[in-house]
Amino acid sequence: AQKITQTQPGMFVQEKEAVTLDCTYDTSDPSYGLFWYKQPSSGEMIFLIYQGSYDQQNATEGRYSLNFQKARKSANLVISASQLGDSAMYFCAIKSPGNQFYFGTGTSLTVIP
Amino acid sequence: KAGVTQTPRYLIKTRGQQVTLSCSPISGHRSVSWYQQTPGQGLQFLFEYFSETQRNKGNFPGRFSGRQFSNSRSEMNVSTLELGDSALYLCASSLFGLAGGLGTDTQYFGPGTRLTVL
């Protein structure tokens, strides 16, 4: 079985500052993907970024980057230059071929003006 | 390209009734997965459909069922509603589904249907 742990139930960040949301995972599969989603209060889950277990470089998508440390089994999301619209729940997920997605419990991020 | 759409967005039902939720995936996506999200249990996988066949199923009672049509649109049905079924129901589409290779199996979610059971 696969497992995702997000230990920060709530985080606060000042507007324009960077913030790191933690995610650790547990899997015995050698091949897997890690995903981050954002869920605003409206409810829709928005895909942010993907990292494959064999990717040599950390994934980046605009202001989002993933700090992937395979040996430590961590895949932290870094949001640079936070904006008020970044206030939302953030979910980390893991998936390996043939398996379903497993989601963490989420981190609530609040951006303070 | 249009995203995943779900209808209706909000539903209020009473215990014992049944409900049908609809999901239209992104054009070209053949896989549709359904999730239940509650404050207490978080996101829980219900089932996945690919090319009209159920390929994976989560740990939910038989009251929860689904189907997929030839155009990849999917419906989820919950019979004999219970208070605990109140939740946000999300569907997600992907190209190849849960058996797809890494990088091709990113799921894109719809806005959800918020079901309240009274």
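Rules behind the numbers
Residues numbered from 1 in each chain as written. Chains lettered and ligands numbered in written order. Predicted model: local features only at pLDDT ≥ 70, side-chain atom pairs only at ≥ 80, totals over all residues. Heavy atoms only, no water. Helix = DSSP H or I, 4+ residues; strand = E, 2+ residues; numbered from the N terminus. Rg over C-alpha atoms; globule rule 2.2 N^0.38 Å. Buried < 20%, exposed > 50% of the residue type's maximum accessible area, 1.4 Å probe, protein only. Contact = heavy atoms within 4.5 Å. Areas by Shrake-Rupley, 256 points an atom, 1.4 Å probe, with all protein chains shown as cover. Disulfide = S-S within 2.5 Å. Buried area = accessible area lost by both parts, 1.4 Å probe. Polar contact = N/O pair within 3.5 Å; in protein donor to acceptor, adjacent residues only side chain to side chain. Pairing = 2+ DSSP bridges.

> Teacher, can you tell me more about the overall build of chain B here?
Regarding its fold elements, chain B presents zero helices and 11 strands. In chain B, the order of α-helices and β-strands from amino to carboxyl end is β-β-β-β-β-β-β-β-β-β-β. A globule of 118 residues ought to have a C-alpha radius of gyration of about 13 Å, and chain B, at 14 Å, matches this closely. Each principal axis of the C-alpha atoms in chain B carries an extent, and together these give about 40 × 25 × 25 Å. Residues classed as buried in chain B amount to 50% of the 118 residues present. Across chain B, contacts joining residues at least 24 apart in sequence account for 58% of those joining residues at least 6 apart. Total accessible area on chain B is roughly 5,300 Å²; 50% of this is exposed by carbon and sulfur atoms.

> When you look at the state of the cysteines in this model, what are you seeing that I'm missing?
Disulfide: a covalent bond formed between the sulfur atoms of two cysteine residues. Scanning the entire structure with this criterion turns up two disulfides over all chains. The disulfide bridge from Cys23 of chain A ends at Cys92 of chain A, spanning 2.0 Å between sulfur atoms. What sets the handedness of the Cys23 of chain A and Cys92 of chain A disulfide is the S-S torsion sign, and at about -65° it is left-handed. Here Cys23 of chain A, found in the loop between strand S3 (19-21) and strand S4 (24-26), pairs with Cys92 of chain A, found in strand S10 (residues 88-95); they are 69 residues apart in sequence, far enough to count as distant. Across this residue pair, the class does not change: Cys23 of chain A and Cys92 of chain A are buried. The partner cysteine of Cys23 of chain B in its disulfide is Cys91 of chain B, sulfur to sulfur 1.8 Å. For the disulfide bridge between Cys23 of chain B and Cys91 of chain B, the dihedral angle about the S-S bond is near 65°, and by the sign convention the bridge is right-handed. Linking Cys23 of chain B in strand S3 (residues 19-24) with Cys91 of chain B in strand S9 (residues 87-94), this pair joins segments that are 68 residues apart in sequence. You can call Cys23 of chain B buried: its relative accessible area is 0%.

> Would you mind showing me how to read unusual backbone geometry here?
Among all residues except glycine, the phi angle is most often negative; among peptide bonds, the trans geometry is most common. All names here are of chain B. Look at the link from Thr7 to Pro8: it is a cis peptide, with omega at -10°. Tracing the backbone through its elements, the reader meets Pro8 in the loop between strand S1 (5-7) and strand S2 (10-13). Of note in this structure, Glu52 is not a glycine but carries a positive phi near 70°. Phi angles above zero are rare outside glycine, and Thr80 is one such case at about 45°. For Thr80, the location among the structural elements is in the loop between strand S8 (74-78) and S9.

> Explain the interface of chain B and chain A here, please?
Interfaces are often sized by the amount of accessible area the parts lose when they come together. Chain B puts 21 residues into the contact, and the matching count from chain A is 22 residues. Summed over both partners, the interface of chain B with chain A comes to about 1,700 Å²; 60% of that surface belongs to carbon and sulfur atoms. Taken together, the connections running from chain B to chain A amount to two residue pairs in polar contact (both at pLDDT 80 or more).

> Quick question: what am I supposed to make of the pairing of strand S11 (residues 113-117) of chain B here?
Here is the key point about a regular strand: its side chains alternate between the two faces of the sheet. All names here are of chain B. Where burial is concerned, the two faces of S11 differ: the one with Thr113, Leu115 and Val117 is buried and the one with Arg114 and Thr116 is not. Relative to S11, S2 is paired through four bridges, and the arrangement is parallel. Residue pairing in the sheet places Lys13 in a bridge with Val117 of S11. Direction of pairing for S9 relative to S11: antiparallel, over a ladder of three bridges. If you follow Tyr89 over to S11, its bridge partner there is Thr113.

This is a description of form; function is not addressed.
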